[in-house]
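In case you want the letters, here they are:
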2 protein chains.
Amino acid sequence: MKNIFLFFSLSSTLFSQNWDSLALKKIYNYYLTQSNCYNNLEFLTTKIGCRLSGSPQAEKAVYWAKKAMYAAGADTVILQPCMVPHWVRGQKEKCLIYSDKFKQPIALKAVALGSSSGTGNAGIKALVIEVKSFEELDQLGENNLKGKIVFYNVFFDQSLISTGNAYGGTVLYRAKGASCAARYGAVATVVRSMTSVADDEPHTGNMFYDTSLSKNKIPAFALSYKAADALSNALKNDPKTKLLLESHCQTLANVLSYNVVGQIFGSEKPDEYVVVGGHLDSWDLGQGAHDNGTGVVQSIEMLGMFKKLGMQPKHSIRAIAFMNEENGTAGGKAYAQSAADKKEKHLAALETDAGGFTPRGFGVDTTLGLYNRVVQWKKLFSPYLIDRFNIGGGGADLSALRNSGVPCIGFETDGQRYFDIHHTAQDTFDKVNKRELALSAAAIGALIYLLDLSY
Amino acid sequence: MKNIFLFFSLSSTLFSQNWDSLALKKIYNYYLTQSNCYNNLEFLTTKIGCRLSGSPQAEKAVYWAKKAMYAAGADTVILQPCMVPHWVRGQKEKCLIYSDKFKQPIALKAVALGSSSGTGNAGIKALVIEVKSFEELDQLGENNLKGKIVFYNVFFDQSLISTGNAYGGTVLYRAKGASCAARYGAVATVVRSMTSVADDEPHTGNMFYDTSLSKNKIPAFALSYKAADALSNALKNDPKTKLLLESHCQTLANVLSYNVVGQIFGSEKPDEYVVVGGHLDSWDLGQGAHDNGTGVVQSIEMLGMFKKLGMQPKHSIRAIAFMNEENGTAGGKAYAQSAADKKEKHLAALETDAGGFTPRGFGVDTTLGLYNRVVQWKKLFSPYLIDRFNIGGGGADLSALRNSGVPCIGFETDGQRYFDIHHTAQDTFDKVNKRELALSAAAIGALIYLLDLSY
């Protein structure tokens, strides 16, 4: 009996794996030959464009996403309200180096960081102190920094294999560098752009004022990689080099905005949810293509996959276009709050915010055994060149949901090119490869299919 | 005793793995922060440019490669002679659709295929027969094809995960389509470009005349993806659509050219070889960047790695810049012949001709246990996001060496974007990402380091 039982159990596992393998082939075929990802992305990025929270384009994007989710086959789409910050860049920034070594001031490529205060028309002209770390800043102290512009000249660690880790090693200078410098009386900060590529494109991104460090909200800028090189060289030749900075950004009153949540009802357990989300908002430079139009269209297409392939999920499946990931995560918090208020049972939540590059795998929470559940599918994904199943979790948008105990998944791509264009005017539709996008969307669709089936 | 022996054996394995792991970290650091790959590639592609066998640029490239190998640290560099074909494109091709449905003829983007005969000034104007396969061609036969232009309208199979496999499914129409059609009296052929991207860039590539099929060497062209669409549509609307084709290509007398072979002498077994090669020649459109400037600079940099890191290989290590991969593989054959003549013992040979994209792994021959040797290093490569160790082997340049019994390795990259630009004017330096190139070169360097150490 035992042997017969073993046989049946084994053959049923084999049957099930074979079945899943056929399903994945069908799913990939759909994504590679019929899906609407690329067209959706083209519309979102080139017809609507960049979509900073609170902007008219962000509002347009909300209504577009609703329509696109219905078109993909959502049974219902709701707009989930959240109040978002409304920061505006205003007219183009100026950044000039003054040095006795130059016949005339030299213009550098620079942008204001998101959430920064502006200098106004007067601008700020001051001597520059270059530092390589917060430790160096602290050592210099008020005596050396008062009235100066602090230049955080911190490079990506190119020796790291993950560009995300290199980003992680520098992003604090962007995020809290202004308040750290303001504590010592600095009047503004400039930071080397967070990138691995030595070009002349400044990278924006969020900063925040930590009023526990300083009540002075000094303006903060990012220099392009080349501009940072130029400034550093100028300072080597002339420590009395000055920088003139001018920005016109300001923070207006908060604005009512929305997450867009599209749903297909589950046939067996409609009150249990598997969700996938990317963020609809973007920075105000470029078109928010990889960051994160791709995540939005991947999420929408997951609805399309179930509908177009006639697969009815057992659980309710949601695609979420989160609002305000870039400068506040109001959308992520609103979704988690609503889920808690309604006592919704989330089986798993996947965040896709690593661009539309070739998929490499998933970072999965161990919570409630999710990692063990997912890693069993490693062999199923191998023919699709997806090999990496790491312990991990979702990103910023899922942070609140994860804190409430929902096991999360972060989608992982080949991110070598990501920080070349991240938060710049170059994050445009033409930087997204159609096949890479389709493959990334397919990987997500396939995982959601397997997850839904497995509970 | 047994247990103690086991302990020592285990700890020595662990020690060795740890040592290798540190060595790989050192190797990757070198490639990511100091290597000269990208600069070398820039020079080769933008200062020398495209390098079709027999062209003055191919000759320049030979002398450049010799210099670059010495600069990288080769102990010796030899030029290994081979006679190569000398095909020239001549003045730009013309391709015009004539149909009663059009007010005037419409120009299409087309290029002559490599090794094709030209039409001369008169051009060829004829009715067009569209086929989707050789079977369809054979069914149509001489009655339908005599005096016509055959249009092989065969698409990439987009549902395949490997673009290389999709290429493999269509490339025969390019390679032998002309002779197959000439057998039935066709006067010329056009083929849909071998690509997954729907753009207006025609892809050239080699064809050959199979005189066992037909002695008629009819001209052969490639249409861009969009041009192929336009021709197919025109034929649907008007079966009497004609095409005018004009090309001025010709095959001149063979030319003396060279493989460039740089070597570092082994400290223990200098008469045993581990070799790495890419091909120096390219098509005459674009700059031969991914195909295969990247393979050349990766190979050169492998010499640089040993020298700059002060690592003396046990066996002699060779970097080979092969000549004439694209239209004859004269270089690959000459190298294999020379190795046979000199009775050189080759432990392993790696071919890199998959572009400078993110590395994914290696396809390794099982010959002489090479696969089992390499696959044991899977864990060492995992931190570098290299996961795929398949049974495989080298490509065209190593074909002759492999036939002589040398176990070969093919380097595998993330090839999703490769066929977007393959053999086109778009295969230019700017399409190569610096980090992806460095990582691909590092993967090769690391494998060669381990191979050398392991024998």
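Note that this is a predicted model, so its numbers are computed, not measured. (Residues numbered from 1 in each chain as written. Chains lettered and ligands numbered in written order. Predicted model: local features only at pLDDT ≥ 70, side-chain atom pairs only at ≥ 80, totals over all residues.)

## Focus on the packing of helix α2 (residues 37–48) of chain B against helix α8 (residues 289–308) of chain B
All names here are of chain B. For the pair α2 and α8, the least separation of the axes is 9 Å and the interaxial angle reads 135 degrees. Looking at the two axes, α2 sits oblique to α8. With respect to the hand of their crossing, α2 and α8 are arranged in right-handed fashion. Seen from α2, the contacting residues are Cys37, Asn40, Leu41, Leu44 and Thr45; seen from α8, they are Ala289, Gly293, Thr294, Val296, Val297, Gln298, Ile300 and Glu301. Per-class residue counts for the contact of α2 with α8 are 7 nonpolar, 5 polar and 1 charged. (Axes fitted to C-alpha atoms, helices over the stretch in contact; angles between N-to-C directions. Helix = DSSP H or I, 4+ residues; strand = E, 2+ residues; numbered from the N terminus. Parallel < 35°, antiparallel > 145°, perpendicular 65-115°, else oblique. Left-handed = near helix turned anticlockwise from the far one by under 90°. Contact = placed C-beta atoms within 7 Å. Nonpolar A, V, L, I, M, F, W, Y, C, P; charged D, E, K, R; others polar.)

## So, the sheet that holds strand β13 (residues 345–351) of chain B
All names here are of chain B. Strand order in this open sheet of 8 strands is β1-β10-β12-β11-β13-β16-β14-β15, and the pairing throughout is mixed. A strand with exactly one partner marks an edge of an open sheet, and here the two such strands are β1 (76–88) and β15 (388–391). Pairwise comparison of adjacent strand axes, ignoring direction, gives a mean angle of 20 degrees for this sheet. In this structure, strand β14 (residues 359–364) lies alongside β15, joined through 4 bridges in parallel fashion. Its bridge partner lying in β15, Val364 is registered against Ile391. Along the sheet face, helix α3 (residues 56–72) touches β1, β10 (250–264) and β12 (315–322) and points at about 0 degrees away from the line of β10. Packing against the sheet, α8 makes contact with β10, β11 (269–279) and β12, and its axis sits at approximately 150 degrees to β11. (Pairing = 2+ DSSP bridges.)

## Side note on the relation of the copies chain A and chain B
At an RMSD of 0.0 Å, chain A and chain B line up after a rotation of 180 degrees and a shift of 0.0 Å along the axis. The transformation just described matches what one would write down for a two-fold rotation axis. In terms of C-alpha distance to the rotation axis, chain A has Asp387(A) as its closest residue, with the C-alpha 3.4 Å off the axis. A high fraction, 100%, of the interface residues of chain A reappear at the interface in chain B, so the copies pair face to face through one surface. (Least-squares fit on C-alpha atoms with pLDDT ≥ 70 in both.)

## Regarding the pairing of strand β8 (residues 220–223) of chain A
Residues and elements named next belong to chain A. Burial of the side chains of β8 extends over both faces: Ala220 and Ala222 are buried on one face and Phe221 and Leu223 on the other. Judged from the 3 bridges that link them, strand β4 (residues 110–112) and β8 form a sheet pairing that is antiparallel. Within the sheet, the bridge partner assigned to Val111 lies in β8 and is Ala222. Where strand β7 (residues 188–192) meets β8, 4 bridges bridge the pair, whose relative direction is parallel. Bridged to Thr189 within β8 is Ala220. (Buried ≥ 20, exposed ≤ 12 C-beta atoms within 10 Å, placed from the backbone.)

## Considering the sheet that holds strand β16 (residues 408–413) of chain A
Residues and elements named next belong to chain A. Reading across from one edge, β1-β10-β12-β11-β13-β16-β14-β15 is the order of the 8 strands in this open sheet, with mixed pairing throughout. Each edge of the sheet is formed by a strand with only one pairing partner; in this case those strands are β1 (76–88) and β15 (388–391). Neighbouring strand axes in the sheet, compared pairwise and without regard to direction, differ in orientation by 20 degrees on average.

## Some words on the interface of chain A and chain B
Facing 23 residues of chain A, the contacting portion of chain B comprises 23 residues. Contributions of two or more residues to the side of chain A that touches chain B are made by α1 (2–33) and α14 (434–454) of chain A. Partitioning the side of chain A that touches chain B into residue classes produces 8 nonpolar, 8 polar and 7 charged.

## Thoughts on the domain arrangement of chain A
Residues and elements named next belong to chain A. Domain boundaries assigned for chain A yield domain 1 (25–87 + 253–454) and domain 2 (90–248). Taken over C-alpha atoms, the centre of domain 1 sits 33 Å from the centre of domain 2. With 15 residues of domain 1 in contact, the opposing surface of domain 2 contributes 16 residues. Its residues assigned to classes, the side of domain 1 that touches domain 2 comprises 6 nonpolar, 7 polar and 2 charged. (Domains from an automatic or database assignment.)

## What about α2(B)?
Residue and element names in this part refer to chain B. With 12 residues, α2 should cover 16 Å at 1.5 Å per step; its first-to-last C-alpha distance of 16 Å lies within 8% of that length. Every buried residue belonging to α2 is among Cys37, Tyr38, Asn40, Leu41, Leu44, Thr45 and Ile48, and all of these are buried. For α2, the arc enclosing every buried residue in end-on projection is 165 degrees, short of the 170-degree limit, so these residues lie on one face. Exposed residues pointing more than 90 degrees away from the buried face of α2 are listed as Asn39 and Lys47. Taken together, the buried residues of α2 touch α3, α8 and α14 (434–454). A positive backbone phi angle near 90 degrees is found at Gly49, which sits one or two residues after α2. (Expected span 1.5 Å × (residues − 1). Arc of directions from axis to C-beta.)

## Some remarks on the packing of α2(B) against α14(B)
Residue and element names in this part refer to chain B. Contact pair α2 / α14: the axes reach a minimum separation of 9 Å and the direction vectors enclose 110 degrees. Put simply, α2 runs roughly perpendicular to α14. Crossing of α2 over α14 shows right-handed handedness. Two secondary-structure elements touch here, α2 through Cys37, Tyr38 and Leu41 and α14 through Lys434, Leu437, Ala438 and Ala441.

## Thoughts on the pairing of strand β2 (residues 94–98) of chain B
All names here are of chain B. The alternating pattern of β2 places Cys95 and Ile97 on a buried face and Lys94, Leu96 and Tyr98 on a face that is not buried. Direction of pairing for β2 relative to strand β9 (residues 242–246): antiparallel, over a ladder of 5 bridges. Its bridge partner lying in β9, Ile97 is registered against Leu243. As paired strands, β2 and strand β3 (residues 106–107) are joined by 2 bridges and run antiparallel to one another. The residue bridging Leu96 from the neighbouring strand is Ala107, located in β3.

## Here we look at the environment of Phe389(B)
Residue and element names in this part refer to chain B. Note that Phe389 resides in strand β15. Note: C-alpha distance between Phe389 and Leu213 (176 residues apart in sequence) is 40 Å. If sequence neighbours within four positions are ignored, Phe389 has contacts with Gly361, Phe362, Val364, Val374, Val375 and Lys378.

## Quick look at helix α6 (residues 171–182) of chain A
All names here are of chain A. Its 12 residues give α6 an end-to-end C-alpha distance of 18 Å, which sits within 8% of 16 Å, the value for a rise of 1.5 Å per residue. All of the buried residues in α6 are Tyr173, Arg174, Gly177, Ala178, Ser179, Cys180, Ala181 and Ala182. Lining the buried residues of α6 we find α4 (134–145), β6 (149–152), β7 and β8.

## Details of unusual backbone geometry
Put simply, Asp291(A) and Asn292(A) share a cis peptide bond, and its omega is 10 degrees. A positive phi angle, near 65 degrees, is found at Leu385(A), a position not held by glycine. The topology assignment puts Leu385(A) in the loop between α11 (378–381) and β15. Located in the positive-phi region is Lys343(B), a residue other than glycine, with phi close to 50 degrees. Take Lys343(B): it is sitting in the loop between α9 (330–341) and β13.

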